[in-house]
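# Summary of structural features
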Amino acid sequence: MNDTFLRACRGEPTPFTPVWLMRQAGRYLPAYQAVRGTTDFLTLCKTPELAVEVTLQPVDILGVDAAILFSDILIPLEPMGVGLAFHEGRGPVLDPPVRTEDQVRSLRGIDPERDVPFVLETIRRLRRELAGRVPLIGFSGAPFTLATYLVEGGTSRGFLHTKRMMFEAPEVFEELMRRITDVTVAYLRAQAAAGAQAIQVFDTWAGILSPGDYRAHALPHARRVMEALADTGVPRIYFVHDGGHLLEDIRTAGADVVGLDWRTDISAALQRLGADAVVQGNLDPCALFLPEDRLRERVRGILEEGRRARGHVFNLGHGVLPEIPPEKAKLVVDLVHELSA
Ligand code: CP3
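In this text the structure is predicted, and so the values were computed from the model without any measurement. (Residues numbered from 1 in each chain as written. Predicted model: local features only at pLDDT ≥ 70, side-chain atom pairs only at ≥ 80, totals over all residues.)

So, about the overall build of the chain. Along the backbone of the chain there are 16 helices and nine strands. In terms of overall dimensions, the chain has a C-alpha envelope of 55 × 45 × 40 Å along the principal axes. Counting over 341 residues, the chain shows a buried share of 49%. Pairs at least 24 residues apart make up 72% of the contacts formed inside the chain by residues separated by at least 6 positions. (Helix = DSSP H or I, 4+ residues; strand = E, 2+ residues; numbered from the N terminus. Buried ≥ 20, exposed ≤ 12 C-beta atoms within 10 Å, placed from the backbone. Contact = placed C-beta atoms within 7 Å.)

This is the structure in structure tokens:
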């Protein structure tokens, strides 16, 4: 029974600093590739037996202190009425992109038990299989990040269509955000009810916004998600990638834990979040290419900074890269445990 992750999220003392890695299940693991070799990504997400298997791989191979549900942030967008496909090497495609008022008004709400039963079944099976070994994290995209995928039709560079709708038709954008937020709330509450013991909300693209636009168009919806989870009692983690310029505002979203990327040092972030903050992060994913002795010093430095927070969960500042040797990922987990004990 290892509940150090949940204790750290609540700001309680722990015998060592818990660690998990964003995207800890994935292509850098040969065991994942073996499953993916015979199954496409969406089928993997929709088959509980396989999703359970790949969720458990990093727990067994790396010894991380939390499991994260194997799924994708884009999964709940499909039952809203948009086609979803993952093309090898090209990333996700949402078709048709949602750009008009009529399209926004035709987006449907979801009933998670009916529309994404495989996600809830995966969570239930994982809780049985984990049997308390480590806690299980559920997750979703944040409303703004999900909106970018719907409006752009996939990953984007300039986010022209999203920003255009935001500025040209703010009431249409607001309606889009309202519908996505309703779906996200229903989706995350269902995950918590099925047994997710913490929730991470990924705001991968909110960092493209100025502080003023973030406060106007993204933050209120992220805050509504956090508030809607308050009565579930599960710790809420809010990770904004490239959000260093937004930290004061991010703090007001009301999450229990603030996820940090590597561009802001934890000590500098704490000055802006307040020393009573609980933080998660923030090793540069590319630092795993460092030789062992220099990696050790990086990990030690982050742990020292993390001790100034009310609680610290060690993580990378973004997802594990496919190019990372699995032994290096395991080394990071071992170093965190060794140097924080
Ligand atoms: O962290 C985990 O181990 C749990 C699973 C997980 C995946 N995606 C699996 C996945 C989680 C938490 C995500 C979140 C996710 N998905 C985010 C937010 C985090 C971040 O990286 O900023 C975003 C933006 C997505 C959207 C997405 N999914 C993209 C852009 C892509 C294609 C690019 C890529 O990395 O391949 C995906 C595919 C995806 N999601 C894969 C995995 C393991 C690779 C699919 C494959 O096996 O080919």
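In this section: the UniProt feature "domain: Uroporphyrinogen decarboxylase (URO-D)" (unreviewed entry) in the chain. The residues that UniProt annotates with the feature "domain: Uroporphyrinogen decarboxylase (URO-D)" (unreviewed entry) are residues 18-27 and 137-153. Across residues 137-153, helical content stands at 59% and strand content at 29%; the span's end C-alpha atoms are separated by 27 Å. (UniProt positions renumbered as here; feature names shortened; annotations may be inferred.)

Taken together, 22 residues surround the ligand, and among them Ala25, Gly26, Gly91, Phe202 and Thr204 come closest. For the shell around the ligand, the class distribution of residues is 11 nonpolar, seven polar and four charged. (Near = placed C-beta within 6 Å. Nonpolar A, V, L, I, M, F, W, Y, C, P; charged D, E, K, R; others polar.)

Keep in mind that most residues, glycine aside, have a negative phi and that most peptide bonds are trans. Going from aspartate 95 to proline 96, the amide bond is cis rather than trans, its omega being 0 degrees. Position of proline 96 relative to the elements: it lies in the loop between β3 (91-95) and α5 (101-105). Residue asparagine 282 is reached from glycine 281 by a cis peptide bond, and omega for that bond is -5 degrees. The residue asparagine 282 is located in strand β8 (residues 278-283) in this model. Even without being glycine, alanine 131 reaches a positive phi, approximately 45 degrees. For alanine 131, the location among the structural elements is in the loop between α7 (117-130) and β4 (136-141). Classification of alanine 131 as exposed rests on a count of 7 C-beta atoms within 10 Å. Here the phi dihedral of phenylalanine 159 falls at roughly 55 degrees; this positive angle occurs in a residue that is not glycine. Structurally, phenylalanine 159 can be placed in the loop between α8 (143-152) and α9 (160-168). Residue class for phenylalanine 159 comes out partly exposed when judged on the 17 C-beta atoms lying within 10 Å of it.

Remark: a regular strand shows side chains that alternate across the two faces of the sheet. Pairing of strand β2 (residues 83-87) with β3, which is carried by five bridges, proceeds in the antiparallel orientation. Residue pairing for β3: leucine 84 is matched across the bridge by leucine 94. (Pairing = 2+ DSSP bridges.)

For helix α14 (residues 266-273), the set of buried residues is Ile266, Ala269, Leu270 and Leu273. One face of α14 carries all of its buried residues, which in axial projection span an arc of 105 degrees. On the buried face of α14, the contacting elements are α13 (247-251), β7 (257-259), β8 and α15 (292-306). Immediately beyond the C-terminal end of α14, within one or two residues, lies glycine 274, with a positive phi of roughly 100 degrees. (Arc of directions from axis to C-beta.)

Read across the open sheet, the seven strands follow the order β1-β4-β5-β6-β7-β8-β9; overall the sheet is parallel. The sheet is open, and its two edges are formed by β1 (67-68) and β9 (311-316), each paired on a single side. Relative to strand β6 (residues 236-240), strand β5 (residues 198-203) runs parallel, the two being bridged by five bridges. Considered in β6, the bridge of phenylalanine 202 is made with phenylalanine 239.

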